[in-house]
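Chains, contacts and geometry: an overview
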Amino acid sequence: MKKDVFANVRELSFRYDINFLRALSVSAVIIYHIDKKFLPGGWLGVDIFFLISGYLISNKILNDLNSGKFKFRNFYIKRIKRILPAVISCLFFTIPFAFTLLPPQELFLYLSSFQSTLFFYSNIFFQNLDFYNTPSTKYFPLLHMWSLSIEEQFYILFPLTLFAIYKFSRKNLITLLFLITFVSIIFNLLNFGNVIFYQLHFRIWEFLFGVLYMLFENKIKLTVSFKHLGLLSILLALIFFDDGMINDVSTKIFCLFGVMLYLCSNEESQLTNFLNKNKIIQLFGSMSFSLYLFHQPLFVFYRIYNDRVNELSNGILLPLIIFLLFISYANWKFIEVPFQKGFLKK
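Starting from 1, residues in each chain are numbered consecutively following that chain's sequence as written. Thresholds applied to this predicted model are a pLDDT of at least 70 for local features of residues and 80 or more for the giving and counting of side-chain atom pairs; totals over whole chains, interfaces and linings are not thresholded and use all residues. Each side-chain value is derived from all of the structure's non-hydrogen atoms; neither hydrogens nor water enter the calculation.

Let's talk about the overall build of the protein chain
Each helix corresponds to a stretch of at least 4 residues labelled H or I by DSSP, and each strand to a stretch of at least 2 residues labelled E; elements are numbered beginning at the N terminus. When its secondary structure is counted, the protein chain shows 16 helices and zero strands. Along the first, second and third principal axes, the C-alpha atoms of the protein chain reach 60 × 45 × 45 Å. Counting all 346 residues of the protein chain, 53% fall into the buried class. Accessible surface is estimated by sampling points in the Shrake-Rupley manner with a 1.4 Å probe; for residues, cover comes only from the protein chains shown. Total accessible area on the protein chain is roughly 16,400 Å²; 66% of this is exposed by carbon and sulfur atoms. Positive charges come from Lys and Arg alone, negative charges from Asp and Glu alone, with His and the N- and C-terminal ends not counted. Each charge is placed at NZ for Lys, CZ for Arg, CG for Asp and CD for Glu. Positive and negative side-chain charges in the protein chain, numbering 32 and 20 respectively, have mean positions lying 13 Å apart. In this scheme, a residue with accessible area under 20% of its type's maximum is buried, one over 50% is exposed, and one in between is partly exposed, where area comes from a 1.4 Å probe on protein chains only.

Below is the structure:
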């Protein structure tokens, strides 16, 4: 691989467009979990998060490798500070509700999922559950942690892989990344059943889309019209795709190409400037991790409390959303931010 590809990797400053995409993604997931008929493809919000994670993390690692500052210890400490305090606070939030509302068998499942969340293997735990003999997924307060486990598994393995390729086969880095991406996509086209949904090797291509885009973005010069096209593609995917396509790789590619188109232009229109600079949207983007953590247990425990209703009624929906915003803001403000910028600072 030519050295100028690495030379073109510039350390990212804060990007308002990425924060907008975070806000859009978490909103899509929340709406989907409130009632999927409102936004049938809202599950794609998780796939968008995976691409963004690959984009941001690879930029940080490659910049540190280029400058000779990369250290595994520092990388993993930062990941722990970013993820674990917010997750632990959410888990503690769920404990009193679980012990109050769950019968013994479901409490056992909750405690097992609690453990799998703490040690980042909940994707494997939920994959191996027999859903014929367990409650509906609507009543698993920690089911959404499967995606967090996949993300953390990526954070554990990707720096090791990228470091090895960079040091020992640098000229082949892009070729190898394309190869891994291609193989992962091919795996998705084979009949592996529900495993496709839960396992990292079926998802890693989504992270690598972000990595490859980061490596080439400085060579891509598109007008703001492509930004609009990207946004339209994302919205169409969220609105018109549904659960029947949840393991269909083509639906995810369609949506994620829209994400890359939205990120590729530095030009702004009146619409994109509003979306990227609106203070409320930006706050939602900043709070997105806490919003994602708390929405599932909050909705699930209310459903259980209300005699296992399948859908949230209009009367309770607004109070629940207000409480979700309140507790997510508090978790972001008093847990996420201090641990990243103050406590345990290195």
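Quick word on the packing of helix α3 (residues 44-67) against helix α10 (residues 200-216)
Throughout, an axis means a line fitted to C-alpha atoms (over the contacting stretch in the case of helices), and angles, computed between N-to-C directions, take values from 0 to 180 degrees. At their nearest, the axes of α3 and α10 sit 7 Å apart, and the two run at 50 degrees to each other. Taken together, the axes of α3 and α10 are oblique relative to one another. In this structure, α3 meets α10 at a crossing whose hand is right-handed. Packed against α3, whose contacting residues are D47, F50, L51, S53, G54, Y55, S58, N59 and L62, the element α10 presents R203, E206, F207, F209, G210, V211, Y213, M214 and L215 at the interface. Three categories are distinguished: nonpolar for Ala, Val, Leu, Ile, Met, Phe, Trp, Tyr, Cys and Pro, charged for Asp, Glu, Lys and Arg, and polar for the others, with Gly belonging to the last. Within the contact of α3 with α10, the residues separate by chemical class into ten nonpolar, five polar and three charged. An angle below 35 degrees is read as roughly parallel, one above 145 as roughly antiparallel, one from 65 to 115 as roughly perpendicular, and any other as oblique. By the definition used in this description, the sense in which the near helix is turned from the far one sets the handedness, with an anticlockwise turn below a right angle giving left-handed and a clockwise turn giving right-handed. Only heavy atoms matter for contacts: two residues are in contact if any of them lie within 4.5 Å across the pair.

So, the packing of aromatic side chains
Aromatic rings from Phe, Tyr and Trp, with only the six-membered ring used for Trp, were paired whenever their centres fell within 6.5 Å, and each pair was classed as stacked if the ring planes differed by under 30 degrees, edge-to-face if by over 60, and tilted otherwise. According to the stated counting rule, one finds 33 aromatic pairs in the structure shown. Each ring, one from Y55 and one from Y213, has its centre 5.8 Å from the other, and the planes form 35 degrees; the classification is tilted. Pair noted here: Y55 is in helix α3 and Y213 is in helix α10, with a separation of 158 residues, a long-range link. Here Y55 matches Y213 in class, with each residue buried. Summarising the aromatic geometry, the rings of F93 and F97 are spaced 5.2 Å apart at their centres and angled 50 degrees between planes, so their arrangement reads as tilted.

Describing the state of the cysteines
In plain terms, two cysteine sulfur atoms within 2.5 Å form what is called a disulfide here. Here the structure, examined in full by the defined rule, presents zero disulfides. Left without a disulfide partner, C264 is nearest to the cysteine sulfur of C255, which lies 15 Å away.

What to know about a nonpolar patch on the surface
Grouping into patches uses exposed residues only, defined as over 30% relative accessible area, and leaves out salt-bridged ones; the cut-off is 9 Å for like charges and 5 Å for nonpolar side chains (Val, Leu, Ile, Met, Phe, Trp, Tyr). Salt bridges are counted wherever a side-chain nitrogen of Lys or Arg sits within 4 Å of a carboxyl oxygen of Asp or Glu. There is a patch of nonpolar side chains on the surface, built from F226, L229, L232, L235, L236, I239, F240 and F254 and spanning about 700 Å² of accessible area. At seven residues, the largest contribution of residues to the nonpolar patch is made by helix α11 (residues 224-240). Mapped onto the elements, L236 comes out in helix α11. By relative accessible area, L236 is classed as partly exposed at 33%.

Section: the side chain of S328
Residue position: S328 is located in helix α16 (residues 314-341). Once you skip the residues sitting within four places of it in the chain, S328 turns out to touch M287, S290, L291 and F294.

Focus on the pattern of salt bridges
What the rule picks out here adds up to eight salt bridges. For K37, the salt bridge goes to D35, with nearest N and O atoms at 2.4 Å. Across the salt bridge formed by D47 and R203, the nearest N and O atoms sit 2.7 Å from each other. Residue D47 is found in helix α3, and its partner R203 is found in helix α10; the two are separated by 156 residues along the sequence.

Quick word on the packing of helix α8 (residues 173-189) against α10
For the pair α8 and α10, interaxial distance at closest approach is 8 Å and the crossing angle is 145 degrees. Note on packing geometry: the crossing formed by α8 with α10 is left-handed. Seen from α8, the contacting residues are I174, L177, F178, I180, T181, S184, I185, F187 and N188; seen from α10, they are H201, F202, R203, I204, W205, L208, F209, V211, L212, L215 and F216. For the contact of α8 with α10, the per-class residue count stands at 15 nonpolar, four polar and one charged.

Thoughts on the environment of A23
With respect to the element layout, A23 can be found in helix α2 (residues 16-34). Using a relative accessible area of 6% as the deciding quantity, one classes A23 as buried. With 243 residues separating them along the chain, A23 and N266 place their C-alpha atoms 20 Å apart. The residues contacting A23, other than those within four sequence positions of it, are I281, F284 and G285.

Quick look at unusual backbone geometry
For F120, which is not glycine, the phi dihedral falls at a positive 60 degrees. Relative to the elements of secondary structure, F120 occurs in the loop between α5 (104-118) and α6 (122-127).

A word on the environment of L324
Its location among the elements puts L324 in helix α16. Spatially, the C-alpha atoms of L324 and G210 are 29 Å apart, while their sequence positions differ by 114 residues. Among all residues touching L324, those that are not within four sequence positions of it are I30, L291, F294, H295, L298 and F299.

Fair warning: the whole summary comes from geometry, so function is off the table for now.
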